[in-house]
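Chains, contacts and geometry: an overview
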Amino acid sequence: MAKTRTLPDHFYDKDYDKNGIHRVPLWRIGCFALNNTATNLYMFLLQYISFYLMGFVGVGMVVASSFTMSMRIWDGVTDPFVGYLVDKTDGRFGKNRPFIVIGNVILAVTSFVMFHVTHLLPQGARFFFFIVISCIYYLGYTCQCVVTKSAQSCLTNDPGQRPVFAAFDGVYNTILFAGLAVVAANAANSLQDVGGYSSAEFFHAMWLMTAIASGVCTLLAVIAIAPKDRKEFFGVGQSEKVGLKDYWDTLKNNRAIQMLILAASSDKLAASAKTSAVSVAMFACIAGSTALQGNVTALTTVPACIITFLAISLVATRMGQKSAIVIGSIGGIVVNALLGALWLFGDPTTMTSNPETGALNWGYFLVLHLVLTVAQAGFQGISGNIVIPMTADCADYEVYRTGKYLPGLMGTLFSFVDKIVSSFAPMIAGLVFATCGFVDHNPVMGDIVTPELRLGVVFLANGMIILGLICNLVAMKYYPLSKERMAELQNEILRIKEEAAQKSGAVA
């Protein structure tokens, strides 16, 4: 059995050791994780798309939610095509970097057109125009997204180092979604006189911030992956012919990617159902203060980052990625059940003593909410973020199983099902709100809080996450790649590479 070293020894750069392991400096893992942050910035921006569609394009709640679902399906449909191109690419600038850059440029340009041009058109042309631009936008999103997963296998193959990507990614995502939620809430609050979340000024400010931040993250990710985006770290170390039959064989016989897709897609559906509109409904409507969300989030962000990083570093790097998902899922189920019960049976309005400013009132509800939210971040940080580096394990398993290196397929197959399933999340949220009586707008501050609304919001915020975590436990029961098994596979893959090199030399 191949042996791996303890965590501190993993972080140095050299080629393969005798066990077939190659590593990368810690800073490169941290910077490459920003590629996912770059696309998540745009994903966050589009969480407010229903406000734009209802405010400027002139569609209702259900149509706006259905549009988002349709675009996510289109996003998934483009995945196999882009993944096929990634698997075929091996040029001067590597396999992955061209798709990172092209994708980010498309995202910046199309998102600008979406939110700066659409509302200037005649009313009858706006929706069709928005659909066309959105289709192009999601093609760029796919180009950059697929590399986050496909490049994992060439970045490092050390079973003890791969989970560190998830630690960085978990921290970045916590800061991103918490920080931007505060920024968005404050921006909307300051723009109440011109429409708040539904104002052109709001979307301009959010776009400008997103485009700049995403561009910086993209540049750092390209720099980080550059020395490992080479043929020596691709599969068996040689270019290979990849056909559609290889895709079908992988889909049918690679049990690892099958189970990972089940776990990740159910998680993504649950997490996506908790849209920005749900967060607004929780704090602005049910708790009664638009400013409260930012003040509460400011207290939980740093502890959540620390807990997420430590949880992944301590659990995943020592026990393996499969065990990490199981532990994270069990803990997440318990914490989300407690959070849901708190919001159902407690009094959220006691969190603030001044709804205008969102000043915090340190009662039992606020304290319990803060503690449970930080714990939730830790457990869900493990179960939610670890699936990305696990795609690299699945790609290595395919090399071991068939001798074929198909990172693009692994990334896009994972994303395809993930996006198709999660595409239903906005529609689910919209239908839940509509069932609660909100047909033409999302719940905001001043709306009547009914028992139905509280139940619907708790279901979207916590109930669906619990269902997704249960699916994780079922999937991991049949997932074949433990930490020990991955160490064995890397030794076997090294043998496959040596044989391939010998055959290549004999032919030459």
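Sequence order as written defines the numbering, with residues in each chain counted from 1. Since the coordinates come from a predicted model, pLDDT governs what is reported: local features require at least 70, and pairs of side-chain atoms require 80 or more to be given and counted, while whole-chain, interface and lining totals use all residues. Computation of side-chain values: all heavy atoms of the structure, hydrogens and water removed.

In the annotation of an unreviewed UniProt entry, the chain is listed under the name MFS transporter and assigned to Candidatus Allofournierella pullistercoris.

**A short note on the overall build of the chain**
Only DSSP runs of H or I with at least four residues qualify as helices, and only runs of E with at least two residues qualify as strands; both kinds are numbered from the N terminus onward. Broken down by element type, the chain carries 20 helices and two strands. Note on method: radius of gyration uses C-alpha positions; expected globular size equals 2.2 Å times residues raised to 0.38. Relative to a compact globule of 508 residues, whose C-alpha radius of gyration would be 23 Å, the chain shows 23 Å and is just as compact. With the principal axes as the frame, the chain shows a C-alpha extent of 75 × 50 × 35 Å. Burial classification: accessible surface area is computed with a 1.4 Å probe over protein chains only, and a residue below 20% of its type maximum counts as buried, one above 50% as exposed, and the rest as partly exposed. Across the 508 residues of the chain, 58% fall into the buried class. Residues count as neighbours in contact if any of their non-hydrogen atoms are within 4.5 Å of one another. Restricting to contacts in the chain with at least 6 residues of sequence separation, those with at least 24 account for 83%. Summed over all atoms, the accessible surface of the chain reaches about 19,300 Å², with 68% contributed by carbon and sulfur. Across the chain, the 35 positively charged side chains and the 32 negatively charged ones have centroids separated by 8 Å. In these tables, accessible area is a Shrake-Rupley quantity obtained with a 1.4 Å probe, and a residue counts as shielded only by the protein chains included in the view. Only four residue types enter the charge count: Lys and Arg as positive, Asp and Glu as negative, with His and the chain ends excluded. To locate a charge, take NZ of a lysine, CZ of an arginine, CG of an aspartate or CD of a glutamate.

**Some remarks on the nonpolar core**
Membership of the largest hydrophobic core comes to 109 residues, with the highest contact counts inside it found for F32, Y48, F202 and Y479. The element contributing the most residues to this core is helix α8 (residues 163–190), with twelve residues. Note on terminology: a nonpolar core comprises buried Ala, Val, Leu, Ile, Met, Phe, Trp, Tyr and Cys residues joined through side-chain atoms within 4.5 Å.

**Some words on the packing of aromatic side chains**
Whether two aromatic rings pair depends on their centres lying within 6.5 Å, for rings of Phe, Tyr and Trp, where Trp uses its six-membered ring; planes under 30 degrees apart make the pair stacked, over 60 edge-to-face, and the rest tilted. Counted according to the given criterion, the structure contains 20 aromatic pairs. Centre to centre, the rings of F168 and F309 are 5.7 Å apart; their planes meet at 80°, and the pair counts as edge-to-face. Here F168 is found in helix α8, whereas its partner F309 is found in helix α13 (residues 292–319), with 141 residues between them in sequence. The exposure class of F168 is buried, given its relative accessible area of 16%. Where F202 meets F203, the ring centres are 5.3 Å apart and the plane angle is 85°; that geometry is what we call edge-to-face.

**Considerations on the confidence of the model for the chain**
For every residue, the predictor reports its confidence as pLDDT, a number between 0 and 100. Summary statistics for the chain give a mean pLDDT of 82 and a share of 91% for residues scoring 70 or more. Taken element by element, the predicted model of the chain shows its lowest mean pLDDT in helix α20 (residues 483–507) (71) and its highest in helix α5 (residues 97–117) (94). In this model, residues 1–14 is a region of pLDDT below 50 whose contacts with residues beyond four sequence positions or in other chains number 38 contacts.

**Some words on helix α19 (residues 451–477)**
Given a helix with a known number of residues, its expected span is that number minus one, times 1.5 Å. In a regular helix each residue adds 1.5 Å, so 27 residues correspond to 39 Å; α19 covers 38 Å between its end C-alpha atoms and thus fits that length. Residue F459 marks the point of greatest curvature in α19, where the axis turns by about 45°. The angle between axes fitted to the seven-residue stretch ending at a residue and the seven-residue stretch beginning at it gives the bend at that residue.

**Let's talk about the side chain of Q321**
You can see Q321 is positioned in helix α14 (residues 321–345). Since its relative accessible area comes to 6%, Q321 is described here as buried.

**Some words on a nonpolar patch on the surface**
Patches here are clusters of residues that have more than 30% relative accessible area and form no salt bridge, with a 9 Å joining cutoff for like charges and a 5 Å cutoff for nonpolar side chains (Val, Leu, Ile, Met, Phe, Trp, Tyr). A pairing counts as a salt bridge when a side-chain nitrogen of Lys or Arg comes within 4 Å of a carboxyl oxygen of Asp or Glu. A cluster of nonpolar side chains, contributed by W27, L208, I212, V216, L219, L220 and I223, occupies part of the molecular surface with about 640 Å² of accessible area. Among the elements that line the nonpolar patch, the one with the most residues is helix α9 (residues 200–225), at six residues. You can call L219 exposed: its relative accessible area is 53%.

**Here we look at the pattern of salt bridges**
Overall, the coordinates contain seven salt bridges when judged by the stated rule. Between R162 and D393 there is a salt bridge; the shortest N-O distance is 2.7 Å. You can see R162 sitting in the loop between α7 (152–155) and α8 and its partner D393 sitting in helix α16 (residues 387–402), a full 231 residues away along the chain. On the basis of relative accessible area, R162 is assigned to the buried category, the value being 2%. Linking E398 and R401 is a salt bridge whose minimum nitrogen-to-oxygen distance equals 2.9 Å. With E398 and R401 both in helix α16, this residue pair falls three residues apart, about one helical turn.

**Some remarks on the side chain of N472**
Structurally, N472 can be placed in helix α19. Looking at N472, the relative accessible area reads 0%, which means it is buried. Those residues in contact with N472, other than ones at most four positions away along the chain, are A263, S266, D267, I325, S329 and S383.

**Let's talk about the state of the cysteines**
What makes a disulfide is a covalent bond joining the sulfur atoms belonging to two cysteines. Here, two cysteine sulfur atoms that lie within 2.5 Å of each other are counted as a disulfide. This model, assessed by the stated rule, comprises zero disulfides. The cysteine C285 is free of any disulfide, with C436 supplying the nearest cysteine sulfur at 10 Å. Classification of C285 as buried rests on a relative accessible area of 5%. The thiol of C394 is not disulfide-bonded; the next cysteine sulfur, from C154, is found 16 Å away.

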